[in-house]
Amino acid sequence: MATARHRIRSNFVFPNSESRVLLPPELEERILDFLWNDPASLCQCALVYRSWLPRCRYHIYTSLRI
């Protein structure tokens, strides 16, 4: 069983940084703005690209309950 998993993983091609589809920053921010009320999705998006982190943090920490 371990060898079958190894074969599957060895055939998989991992994307590199050059395979990223570049969008204008304004469009990326607009897409992230639609997730303003979904903190779980914003947290996941913050892990995708470093450039998305500030926008995600803005929406996650806009209102804090104390």
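All values reported here derive from a predicted model rather than from experimental measurement. (Residues numbered from 1 in each chain as written. Predicted model: local features only at pLDDT ≥ 70, side-chain atom pairs only at ≥ 80, totals over all residues. Heavy atoms only, no water.)

### Considerations on the state of the cysteines
Worth spelling out the cut-off: Two cysteine sulfur atoms make up a disulfide if the distance between them is within 2.5 Å. Note on exposure labels: buried denotes an accessible area under 20% of the residue type's maximum, exposed denotes more than 50%, and partly exposed covers the range between, all computed with a 1.4 Å probe on protein chains only.
Taken as a whole and judged by the stated rule, the model has 0 disulfides. Looking at the unpaired Cys 45, the closest cysteine sulfur is the one in Cys 56, lying at 5.2 Å. Accessibility expressed as a relative area gives 0% for Cys 56, which makes it buried.

### With respect to the pattern of salt bridges
Inclusion rule: For this document, the term salt bridge refers to a Lys or Arg side-chain nitrogen within 4 Å of an Asp or Glu carboxyl oxygen. Numbered from the N terminus, helices here are DSSP runs of H or I no shorter than four residues, and strands are runs of E no shorter than two.
Using the criterion set out here, one finds 2 salt bridges in the structure. When the shortest N-O distance is used, the salt bridge between Arg 55 and Glu 29 registers 4.0 Å. Of this pair, Arg 55 sits in helix α4 (residues 53-60) while Glu 29 is found in helix α2 (residues 25-33), placing the two residues 26 residues apart along the sequence. A relative accessible area of 25% places Arg 55 in the partly exposed class. Of the residues examined, Glu 29 reaches a relative accessible area of 36% and is grouped as partly exposed. The partner of Asp 33 in a salt bridge is Arg 55, with the nearest N and O atoms 2.9 Å apart. With a gap of 22 residues between them, Asp 33 in helix α2 and Arg 55 in helix α4 connect regions that are remote in the sequence. Using a relative accessible area of 23% as the deciding quantity, one classes Asp 33 as partly exposed. Residues joined by salt bridges that share partners form a network here, namely Glu 29, Asp 33 and Arg 55.

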